[in-house]
Amino acid sequence: QVQLVESGGRLVLHGGSLKLSCAASERTFMRYAMGWFRQAPGKEREFVAAISGVTELTSYADSVKGRFTISRDKVKNILYLQMNSLKADDTAVYYCAARSHPAISTRSENFDSWGRGTQVTVSS
């Protein structure tokens, strides 16, 4: 399994921006599909964004489309999530996930490795 470590979560004001990072241990990082998921208190984990391996196709949840951008650094083996125009509903623990397959997926059960999460809190 790939080791994943998220960082960048913090308290931010409504309308603000934040960039999350996820450091991956594998040198074959670029071949994997990756994703960001989030879980708010009392709610189930939900899909946020995903990127395919090699071709880097992207997919976003409707709730974040146009505000969030997923990307990765091929040299540093880091996955990013740029979050703009943040709202209180974006408050959650954000998890990075890796899939041992290049095809993009929005389903959490298709991902093999998970980070421990980073807390994002948006104050109104």
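S.K.: When you look at the environment of Tyr95 in this model, what are you seeing that I'm missing?
M.R.: Along the polypeptide, Tyr95 turns up in strand 9 (residues 92–99). C-alpha separation for the pair Tyr95 and Gly35, spaced 60 residues apart in sequence, amounts to 8.2 Å. Setting aside anything within four residues of it in sequence, one finds Tyr95 in contact with Glu6, Gly35, Trp36, Phe37, Gln39, Arg45, Trp114, Gly115, Arg116 and Gly117.

S.K.: What am I meant to see in the sheet that holds strand 8 (residues 78–83) here?
M.R.: To summarise the sheet geometry, strands pair through backbone hydrogen bonds and adopt either a parallel or an antiparallel arrangement. Spatially, the 4 strands line up as an open sheet ordered 1-3-8-7, and their pairing is antiparallel. Unpaired on one side and paired on the other, strand 1 (4–7) and strand 7 (68–73) mark the two borders of the sheet. The mean inter-strand angle of the sheet, taken between neighbouring strand axes irrespective of direction, is 15°. Relative to strand 8, strand 3 (residues 18–24) runs antiparallel, the two sharing 6 bridges. Each bridged residue has a counterpart across the sheet, and for Cys22 the counterpart in strand 8 is Leu79.

S.K.: I keep staring at the nonpolar core and nothing clicks. Help me out?
M.R.: The tendency in soluble globular proteins is for nonpolar side chains to be buried side by side. In this structure, Met34, Trp36, Leu79, Leu81, Met83 and Tyr94 are the most contacted members of the largest nonpolar core, which totals 36 residues. Mapped by element, the contributors of at least two residues to this core are strand 3, strand 4 (33–39), strand 5 (46–51), strand 7, strand 8, strand 9 and strand 11 (118–123). Setting aside chain neighbours within four positions, we find Leu79 in contact with Leu20, Ser21, Cys22, Phe29, Met34, Gly35, Trp36, Ile51, Ile70, Ser71, Arg72 and Cys96.

S.K.: How should I be thinking about the pattern of salt bridges in this particular structure?
M.R.: Pairing between side chains of opposite charge can happen when the charged atoms of each approach one another. By the definition in use, this model includes 6 salt bridges. A salt bridge links Glu109 to Arg107, with the shortest nitrogen-to-oxygen separation between them at 2.6 Å. With a relative accessible area of 52%, Glu109 lands in the exposed category. If you follow the salt bridges from partner to partner, you end up with Arg38, Glu46, Arg67 and Asp90 in one network.

S.K.: I'm lost on the side chain of Arg99 in this one. Help?
M.R.: Here Arg99 is to be found in strand 9. Despite being buried, Arg99 has no salt bridge partner; Asp112 is the closest side chain of opposite charge, sitting 6.0 Å away. Contacts of Arg99, omitting those with residues within four sequence positions, involve Tyr32, Ala33, Ile104, Ser105, Asn110, Phe111 and Asp112.

S.K.: What's the story with the pairing of strand 3 in this structure? I'm lost.
M.R.: Along any regular strand, the residues point their side chains to alternate faces of the sheet. Burial analysis of strand 3 places 5 of its 7 residues in the buried class, which makes it a mostly covered element. Bridging between strand 1 and strand 3 involves 4 bridges; their strand directions are antiparallel. Opposite Glu6, over in strand 3, you have Cys22 as the bridge partner.

What counts and how
- Residues numbered from 1 in each chain as written.
- Predicted model: local features only at pLDDT ≥ 70, side-chain atom pairs only at ≥ 80, totals over all residues.
- Heavy atoms only, no water.
- Helix = DSSP H or I, 4+ residues; strand = E, 2+ residues; numbered from the N terminus.
- Contact = heavy atoms within 4.5 Å.
- Pairing = 2+ DSSP bridges.
- Axes fitted to C-alpha atoms, helices over the stretch in contact; angles between N-to-C directions.
- Core = buried A, V, L, I, M, F, W, Y, C linked by side-chain atoms within 4.5 Å.
- Buried < 20%, exposed > 50% of the residue type's maximum accessible area, 1.4 Å probe, protein only.
- Salt bridge = Lys/Arg side-chain N within 4 Å of Asp/Glu carboxyl O.
- Lys, Arg positive; Asp, Glu negative; His and termini not counted.

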